[in-house]
Amino acid sequence: MHAQGSSPPPPETETPPPAISSPDLPAISQPNGNVPAAAPSGAVPRKRKRAPATASSPAPSDVGSNAGNGTTDLLATSRADLSSRPILTISRGPVFVAVTEGSEWFKTDMVGVNRVGYRYIPAGINPPGFSSPCRTIESNPTAFRVSWEDRSPFLKVTKDGLGIAGSKGFRSARCNAPIREGRWYMEVKILHGGGEHVGEETTREGSHVRVGWGRREAHLNAPVGLDGYSYGLRDKTGDKVTLSRPRPYGKPFGTGDTIGMYISLPTRREPNKKDPNDPAHLKRERIPIDLKGQEVFEILEYPQCKEMTTLMDYSGKATNSASVPSSSKKAAGKLPERSGPAPSGKPNATNLRPLPILAGSRIAFFVNGECQGTAFQDIYDYLPLHQSDNVRKAKEKKRTREGVKEHRENPFDDGTLGYYPFISLFNDASIRLNPGPDFEFPPPPDIDAVLDGKGSTSTDTSPPMEISDDQNTQLPNPSEQPRTWRPASERYPEFMAEEWAMDALEEEQAKAESLKQAAADKLEDDKRKQREKRKQQAEARKRQRKAAAEQTANAALAEDDRFGPGAMLYGGGGAVYNQPSPSPLRHATAYDPGDEFVEQEHSPAPTVASYGEFAGNHSGYNSENPDMDVDQDIEALLASGEPRTPA
């Protein structure tokens, strides 16, 4: 399975993805920032699809990887699940696979190469007692070098991480530590470049190199200087280039030359504590996953902003034959006009945020120890643009699946932002990095003074020597200006210390969050117990009320049975009989309390009913009917046979 929001990259094939096909032309980016790929007429546009389950890929996001367990899973965060894994301080990868037998160039396996908007860094299991499951670890060699993960997968490397070789098209790589502030210097030795053909290479353009500095958002399958996220120097013409716009700068260079790269950045600003949305705040967004048995952090790469891609509009670019070389590929057709109309759908300038710069920053290059002057100054800030409250709230409202970790775009600095040494190789070009501290052509002690025209351009950094009268020996001049820059080799241990400091901060935050969550869970559990107790008490009171009501009802029913209209008469022996007591006036029956059974007798006032069936017949006598009494007297005389006396 994958972390929610991630998607597996396409499988690595023999045919590399589209890249810049000519070193003479800067890559022309569309307004959306994508590199246009040449396609035959009528070709169906290529869309990235999910790789088949049987495909293999060195990328961690590929579910079809045939190495290790063949799956990429979210790393289990339960301490019990992690107890069986070894606690590493150095990553297992990479595994080097020689390009050809006996070759010094290798491809790497067991490492996640950054692609399709995601990047990867080694992770290690934390020892028991930690709240965070994983921490940042290193990979060999533990020194300033090219990043195993942060490079195009089509670039070959040496085992020490200092040698890089290209393949077809422009492919790029970043080093493993960013420059965030201060003055730094390093060298790049050109092994093959400047248009030279290597071995049996039959390409018309030959091999070319571009060197420079790039941010995290810069493309790895395109040359440095493609957009505003990187600044580069071209070997063929010596032009400087950014936003795909070359400008005359220095002299060309090629095989055997050594290029010095210098960058000066101002002190990193502190975040505004009153603004919680200030991008200068440090915050990480990363998810630990399993890659072929190795733990790695998967991170959503910083996206390019519309304000930067808008700068790729060529409507205002002047056509200059000196800065826009012609193509060496005649079959490519006529080049597009650089000063043509603006593309449709251009974003409204009123809705674009300003692009902040790093005031006082500068980039300069040296060729074989000769300073070429300032190439770029006041370069763009590497922090993300400030997000408005509406944009931030809209992104927070995005629905997420419950119980699934999902990648979220990080609007803050995660500690890896900055300017990286950025190397771009075309075809079979190759270079070797020299991060110092020993350089082939040491720069002057104060490079900024040289760039400002106030210092010597000499590359000899050794201070003048004085003669000691006592010992007749040479001593260094104490008044000599100290070195104002630092070799890039010193940046790697400093960067790792920053990463581990953030690990410690995250661990403290995780522990505080765990305590807070435990307190909240305890409070919720107490509330739940109180609710259950109150519920039980309420049910007990309800049962008591119900029992009391039933008891009262039963008592009332018993009283009704004894004294009500249906009450029983007690006979001999105390027996109770459920027979109603008829009225002796309305029934021809009377009961003797002393007898258990009393036979019914005829009423002394016979009626018509007396001659019918006896049981249950009512008497016709009624004291309320006087006529009925006279009739009964007459009938009695007739029955006795006595003669009637005339009145």
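Residues numbered from 1 in each chain as written. Predicted model: local features only at pLDDT ≥ 70, side-chain atom pairs only at ≥ 80, totals over all residues. Heavy atoms only, no water.

A. The arrangement of the overall build of the protein in detail. The helix and strand tally for the protein stands at 6 helices and 26 strands. Burial statistics for the protein: of 647 residues in total, 40% are counted as buried. Within the protein, contacts between residues at least 6 apart in sequence are counted, and of these 71% link residues at least 24 apart. Summed over its atoms, the accessible surface of the protein is roughly 36300 Å², and 53% of this surface lies on carbon and sulfur atoms. (Helix = DSSP H or I, 4+ residues; strand = E, 2+ residues; numbered from the N terminus. Buried < 20%, exposed > 50% of the residue type's maximum accessible area, 1.4 Å probe, protein only. Contact = heavy atoms within 4.5 Å. Areas by Shrake-Rupley, 256 points an atom, 1.4 Å probe, with all protein chains shown as cover.)

B. Molecular detail of unusual backbone geometry. Following Gly93, the chain continues to Pro94 via a peptide bond in cis, the omega torsion being 0 degrees. When you line up the elements, Pro94 lands in the loop between α1 (79-82) and β2 (95-98). Between Gly436 and Pro437 the backbone carries a cis peptide bond, its omega angle lying at 5 degrees. Examined against the element boundaries, Pro437 turns out to sit in the loop between β21 (430-434) and α4 (447-451). Backbone geometry at Leu243 places phi at a positive 55 degrees, although glycine is not the residue there. The residue Leu243 is located in the loop between β13 (240-242) and β14 (245-247) in this model. By relative accessible area, Leu243 is classed as buried at 11%. Unusually for a residue other than glycine, Asp378 sits at a positive phi of about 50 degrees. Tracing the backbone shows Asp378 in the loop between β19 (370-377) and α3 (389-396).

C. Local environment of the packing of aromatic side chains. All told, the structure shown has 11 aromatic pairs when counted by the stated rule. A ring pair is formed by Tyr185 and Phe366, whose centres lie 5.7 Å apart and whose planes are at 85 degrees; its orientation type is edge-to-face. Here Phe366 lies in strand β18 (residues 362-367) and Tyr185 lies in strand β10 (residues 182-192), a separation of 181 residues in the sequence. Of the two residues, Tyr185 and Phe366, neither departs from the other in class, the shared state being buried. Between Tyr185 and Phe439 the ring centres are 5.2 Å apart and the planes differ by 85 degrees, which places this aromatic pair in the edge-to-face class. Remark: Phe439 occurs in the loop between β21 and α4 and Tyr185 occurs in strand β10; sequence separation between them is 254 residues. Members of the aromatic cluster, connected to one another through ring pairs, are Tyr185, Phe366, Phe439 and Trp485. Over the ring of Phe376 we find Lys240; its NZ or CZ atom is 5.6 Å from the centre of that ring. (Phe/Tyr/Trp six-rings, centres within 6.5 Å; stacked < 30°, edge-to-face > 60°. Lys NZ or Arg CZ within 6 Å of the ring centre and 35° of its normal.)

D. Layout of the sheet that holds strand β9 (residues 170-175). Spatially, 7 strands are ordered β6-β9-β20-β11-β12-β13-β14 in an open sheet, and the strand pairing comes out antiparallel. At either end of the open sheet lies a strand with only one pairing partner, and these are β6 (146-151) and β14. Averaged over all pairs of adjacent strands, the angle between their axes in this sheet comes to 30 degrees, without regard to strand direction. Relative to β14, β13 runs antiparallel, the two being bridged by 3 bridges. Bridged to Val241 within β14 is Pro246. (Pairing = 2+ DSSP bridges. Axes fitted to C-alpha atoms, helices over the stretch in contact; angles between N-to-C directions.)

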